[in-house]
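For reference, the chains in residue letters:
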Amino acid sequence: MRFLFTFLMLTIGTGFVAVSAESDHPNVVFILADDLGYGDLSCYGATKISTPNIDSLARDGRRFTDVYSPSSVCTPSRYNLMTGRYAWRTWIQSGTAWAYDPLLINPERFTLADLFKSQGYATALVGKWHLGFGTPGMPGWSDVVGPDYNDDLKPGPLEVGFDYFWGFPHVSQLPHIIIENHRVLGLSSDDPIRIVPDKRPEHRLDYRNRTRIGAANLQVQGGESTRYEHDELSDRLTDQAVQYIRQRPDDKPFFLYLAHRNVHGPLIPAPRFNGQSSIGQYGDFLLEFDASVGRVLDEIEQQGIGDDTLVILTSDNGGVIEYRPIDYASTQGHFPNAPLRGQKTSVYEGGVRVPLIARWPGHIPPGTKDNSLIALTDMLATFADFFDYELPLDAAEDSVSCLGPLTGQDIDAPKRQSIVCDSYTGMMAIRVGNWKLIQGQHGGGARTQKKPYDRSLPPVQLFNLAVDIREANNLATQRPGKVSELTHQLQQVLARPSAGIAITP
């Protein structure tokens, strides 16, 4: 491992901490919030809500201010995290997976969970999956309705590196079910789950040609005994995460990927949180998330493994602002993505820039901040670097190690210089240094898909984020040379899987 030898002296404040080589395989708890905005946490500047448990992570660890989820919606962000590869390189191209979609990750592809297993870790996923189940043409699959939810749901999480899975296929989409490993919990043979497809002919599935045409509106019938209630979901997944930590394997470290349900709509927290914030239902939901994180952190301490556990907390994409309960929060002065423009599904900063906090006592300098350019896509290369593991040539094509920024060490290794982001509708953007180019006149969000083209405006947007973090001043007309330069670099990334990760500004 690059930065841990028999003894490593880390400068923390004015003192030094000696680190033993036995700590080179810490437990790792990776908490991925759902739709948590850059401005939703008090440690990131929120003033109308307090998130004390998450703030404690920042106080005891390192807070990052320039972190991206390369996609602004759920499915591709999770694919990016798990594979170190941009999701638009797959058949899904844009948008999200639905109940009838197959597993997006090729089981032969090396994943983040595979990496931890290769290092002797027990691996578990608790929470939201949203990457599909099954394989077209295999038993248990229908080209009309997708996987059979009454049968074994595989391939799925267990086939891409996890030893254990307890969670749900998505949030708010049907069916509302809990799956443990390969099976739906509570399923009765007397009341099977029935998927009723949309009959419109233009919505056809063609995964064999790596395309999906349209997005069918499916109905779900039956399976009454399998359905969860939204107001119980946060508690149930937190209970499961706590139980996993409490009953963790004795003979090996563990990697727990806690893919949370909050703060994705519908905003229905457990009843005890109703009315607990001053900014309405959205604030109550944030408080529920913070309390869930607090329970996980408390369990880590109660098990006596705090010093041996690396905790990372981040979000899958930016927050939502055009949603009635959040409208009330904004009237009270809370803005989920402050100070950024845009929201989830758009390629503006508010859709793709996310909070990230890392804590590992004695290894990560406490109370520190870092502004290095980092992407969720980088976790695979980072942990490979951590373990001094040579990744397969066909893995993590878009991943760059951020081990140096993560630990606060000046590691002599290439750092990320550029990133490509995409919106819900497939609009692309590239950032190189402080310059960001968007290939369109808006953010490409779900609500702007049919927005007409305005010939009086430049066809693209160019921003200098160093002086215009709000993306308010389009410089495309004034800087045509920079537009041409970034357009060429984006085309390189699109054409070659590894072209975009080492561009110098």
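In what follows, the structure referred to is the one given above.
Every chain's residues receive numbers from 1 upward, in the order its sequence appears when written. Under the rules for a predicted model, residues below a pLDDT of 70 receive no local features and side-chain atom pairs below 80 are neither given nor counted, while totals for whole chains, interfaces and linings still include all residues. No hydrogens and no water enter the side-chain calculation; it runs on all heavy atoms of the structure.

> Where do I start with the packing of helix 4 (residues 230-246) against helix 5 (residues 281-302) in this structure?
The angle between the axes and the distance between the axes are what describe a pair of packed helices. Each axis is a line fitted through C-alpha atoms, and for a helix only the stretch in contact is used; angles between axes span 0 to 180 degrees, taken between their N-to-C directions. Strands are runs of DSSP state E lasting at least two residues, helices are runs of H or I lasting at least four, and both sets are numbered from the N terminus onward. In contact at an axis separation of 9 Å, helix 4 and helix 5 are set at 10° when each is read in the N-to-C sense. Our classification of the angle between helix 4 and helix 5 gives roughly parallel. Seen along the crossing, helix 4 lies across helix 5 with a hand that is right-handed. Of helix 5, the residues touching helix 4 (which contributes Asp231, Ser234, Asp235, Thr238, Asp239, Ala241, Val242, Ile245 and Arg246) are Glu288, Ser292, Arg295, Val296, Glu299 and Ile300. These descriptions rest on fixed angle ranges, namely under 35 degrees for roughly parallel, over 145 for roughly antiparallel, 65 to 115 for roughly perpendicular, and the rest for oblique. The hand of a helix crossing depends on one turn: near helix anticlockwise from the far one by less than a right angle means left-handed, and clockwise means right-handed. Contact criterion: two residues are considered in contact whenever any of their non-hydrogen atoms come within 4.5 Å of each other.

> When you look at the sheet that holds strand 22 (residues 435-438) in this model, what are you seeing that I'm missing?
Consider a sheet: its strands pair through backbone hydrogen bonds, and that pairing is either parallel or antiparallel. Strand order in the open sheet formed by four strands is 20-21-22-23, with antiparallel pairing between adjacent strands. Here the strands that pair on one side only, and so sit at the sheet edges, are strand 20 (418-422) and strand 23 (461-464). The sheet shows a mean angle of 15° between the axes of neighbouring strands, direction not considered. The rule for pairing is simple: two strands pair if DSSP sees at least two bridges between them. In this structure, strand 21 (residues 428-432) lies alongside strand 22, joined through four bridges in antiparallel fashion. Bridged to Arg431 within strand 22 is Lys436. Packed onto the sheet, helix 10 (residues 480-495) meets strand 20, strand 21, strand 22 and strand 23 and runs at close to 110° relative to strand 21.

> How do you make sense of empty space enclosed by the protein when you look at a structure like this?
The rolling of a water-molecule-sized probe over the atoms marks out the regions of remaining empty space. Only protein atoms enter the 1 Å grid used here, on which a cavity is any set of points holding a 1.4 Å probe that cannot leave and a pocket is any open set flanked by protein within 12 Å on both sides along at least five of seven lines; residues with an atom within 4 Å of a point are listed as lining. Grid points are joined across faces, edges and corners, and a volume is the space filled by probe spheres set on the points. Across all of its chains, the model carries four cavities of 30 Å³ or more by this definition. Empty space within the largest cavity amounts to approximately 60 Å³. Residue lining of the largest cavity: Asp385, Ser401, Cys402, Leu403, Gly404, Pro405, Ile411, Ala413, Pro414 and Lys415, and that is the complete set. Among the elements that line the lining of the largest cavity, the one with the most residues is helix 9 (residues 403-407), at three residues. Residues belonging to the lining of the largest cavity are distributed by class as follows: six nonpolar, two polar and two charged. The nonpolar class holds Ala, Val, Leu, Ile, Met, Phe, Trp, Tyr, Cys and Pro. Asp, Glu, Lys and Arg form the charged class, and all remaining residues, Gly among them, are polar.

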